[in-house]
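Take a look at the letters that make up each chain.
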Amino acid sequence: MKIVVLAGGLSPERMVSLSSGTKITEALRACGHEVALVDLFFGLENWDGTPEDLYHAPIPDAWRKVGHMAPDLSEVQKSRKWRGKSQFGPGVLELCAGADVAFLALHGSCGEDGRVQAALDLMGVPYTGSGYLGSAIAMDKNLTKQLVRSQTDVHTPRWRVVTYSVEDVERLTGELDLPAVVKPTDNGSSIGVSIAHNRAELRAALKTGLHFGGKVIVEQYVKGREIQVGVLEDRALPSIEIIPKTGFYDYENKYQPGAALEVCPAPVEPEMEQLLEKNALSVHRLLGLSVYSRSDFILTEDGTPWFLEINTLPGMTPTSLVPQEAAAVGVDYPTLCERILTASIQVRRQGR
């Protein structure tokens, strides 16, 4: 099968995406597929060969690892030679049109929010993961929480959406409830997320939020264990508990090897495992997602799992969680990629 793996893009999570794409490409090539890995944003502008040559091209070493900090997107934009405004770099759509399927290794607002999915739908190109509508809803943390609160019995922390400018920071610092989690409405990988226990930390968190458009969710801080649950082909995978060695599970702790202890299956009672899995499936189905996803929870001391958000294209890097959960039930990384691929093609054929 001819497969184009789309990665990178113009997202704060582009290096996470390139790392995911690298690992996916190597796994699918090992399974006998012809696989071309391409950066969505740069496309073929730095490629000297033919598009067909990409299916057997070596992978840049720089794409394998995730740095300690998210990239500066203004610098990324400046480095593109082609000055077109499209998020699709030169030759990307043509490359996808000539493939049997596109494997989406994209993360964040460029690729996980439904826009790439909609474009591929219009082109008639099958792709992996959920469709455009479910992807768009899940990317919007506010809309997802509204649906979860109104349509399920899944608990989610109280929250407020705040749109503001620098002139509003002091007023909001004085009126918002503490402790709180301040985070962009549509980013992943904990980029831009701050935990504020006092007014000084809240002021700093709001100033950070200005760098992400000045629209954030201010969410009730819930103290507890960080547990995540993947879904694969409409079945929940074993839960995994994340224990950062320092701080919370931020961008650096997610992607630097050894920065967090990850225990799978999570050490919880069987009844709690069943509840976590039930909740993850409830949200996955409510949003109309397909093939795979990963839900994030906080488990409090009183035994309540609090849903935070859901990811429609979970990371597939060397430190990512869904591959670890799949491995816990005997599904190795190449098999996981094959199952995502096969299930996605079936879903697209069904028009979902």
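Nothing here was measured: the structure is a model prediction, and the numbers come from that model.

**So, helix H4 (residues 115-123)**
- Every buried residue of H4 is listed here: Val116, Gln117, Ala119 and Leu120. Seen along its axis, H4 keeps its buried residues to an arc of 160°; they face one direction. Within H4, the exposed residues directed more than 90 degrees away from the buried face are Arg115 and Leu122.
- Elements in contact with the buried residues of H4: strand S1 (2-7), helix H3 (92-97), strand S3 (101-104) and helix H5 (132-139).
- Just downstream of H4 lies Gly124, where phi reads positive at about 80°.

**Here's the deal with helix H1 (residues 14-30)**
- Relative to the 24 Å expected for 17 residues at 1.5 Å per residue, H1 spans 24 Å between its end C-alpha atoms, a close match to the ideal helical length.
- The buried count for H1 comes to 13 of 17 residues, which makes it a mostly enclosed element.
- Immediately beyond the C-terminal end of H1, within one or two residues, lies Gly32, with a positive phi of roughly 100°.

**Quick notes on the pattern of salt bridges**
- Taken as a whole, this structure holds 18 salt bridges when the rule is applied.
- Notably, a salt bridge pairs Glu26 with Arg64, separated by 2.5 Å at the nearest N-O pair. In this pair, Glu26 is assigned in helix H1 and Arg64 in the loop between strand S2 (34-39) and helix H2 (73-78), connecting sequence segments 38 residues apart.
- Accessibility expressed as a relative area gives 36% for Glu26, which makes it partly exposed.
- Here Arg64 falls in the partly exposed class, since its relative accessible area comes to 32%.
- Note that Arg160 is salt-bridged to Glu175, the shortest N-O span being 3.2 Å. Of this pair, Arg160 sits in strand S4 (residues 159-163) while Glu175 sits in helix H7 (residues 169-175), and the two are 15 residues apart along the sequence.
- For Glu175, a relative accessible area of 37% gives the class partly exposed.
- It is possible to trace a salt-bridge network through shared partners that takes in Lys145, Lys183, Glu219 and Glu309.

**Some points on the sheet that holds S4**
- An order of S4-S7-S5-S6 is seen for the 4 strands of this open sheet, with the pairing classed as antiparallel. On the outer flanks of this sheet lie S4 and strand S6 (194-196), each paired with one strand and no other. On average, each strand axis in the sheet is inclined to that of its neighbour by 25°, with strand direction left out of account.
- Where strand S5 (residues 180-184) meets S6, 3 bridges bridge the pair, whose relative direction is antiparallel. Bridging across to S6, Ala180 finds its partner in Ala196.
- Sheet strands in contact with helix H6 (residues 141-151) are S4, S5 and strand S7 (215-220), and its direction is about 155° off that of S4.
- Contacts from helix H8 (residues 199-210) reach S5, S6 and S7, with the element oriented near 155° to S6.

**Points about the pairing of S3**
- Alternating residues of S3 divide into Val101 and Phe103 and Ala102 and Leu104, and every residue in both groups is buried.
- Two strands pair when backbone bridges link them, and S1 and S3 are joined in this way by 4 bridges, in the parallel orientation. Among the inter-strand pairings, Val5 is bridged to a residue of S3, identified as Phe103.

**What about the sheet that holds S3?**
- Strands sit in the order S2-S1-S3 across an open sheet of 3 strands; the sheet is parallel. The strands lining the two open edges of the sheet, one partner per strand, are S2 and S3. When strand polarity is set aside, the average angle formed by the axes of neighbouring strands in this sheet is 25°.
- With 6 bridges joining them, S1 and S2 adopt parallel strand pairing. Bridged to Ile3 within S2 is Val35.
- Seen against the sheet, H1 touches S1, S2 and S3 and runs at an angle of roughly 170° to S2.
- Against the sheet, helix H12 (residues 333-349) touches S1 and S3, its axis set at about 125° to S3.

**Topic: the packing of H1 against H12**
- Two elements in contact, H1 and H12, have axes separated by 9 Å at closest approach and are oriented at 90°. Taken together, the axes of H1 and H12 are roughly perpendicular relative to one another. Mapping the contact onto sequence places Ser20, Lys23, Ile24, Ala27 and Leu28 in H1 and Tyr333, Pro334, Cys337 and Leu341 in H12.
- Its residues placed into classes, the contact of H1 with H12 shows 7 nonpolar, 1 polar and 1 charged.

Rules and cut-offs
- Residues numbered from 1 in each chain as written.
- Predicted model: local features only at pLDDT ≥ 70, side-chain atom pairs only at ≥ 80, totals over all residues.
- Heavy atoms only, no water.
- Buried < 20%, exposed > 50% of the residue type's maximum accessible area, 1.4 Å probe, protein only.
- Helix = DSSP H or I, 4+ residues; strand = E, 2+ residues; numbered from the N terminus.
- Arc of directions from axis to C-beta.
- Contact = heavy atoms within 4.5 Å.
- Expected span 1.5 Å × (residues − 1).
- Salt bridge = Lys/Arg side-chain N within 4 Å of Asp/Glu carboxyl O.
- Pairing = 2+ DSSP bridges.
- Axes fitted to C-alpha atoms, helices over the stretch in contact; angles between N-to-C directions.
- Parallel < 35°, antiparallel > 145°, perpendicular 65-115°, else oblique.
- Nonpolar A, V, L, I, M, F, W, Y, C, P; charged D, E, K, R; others polar.

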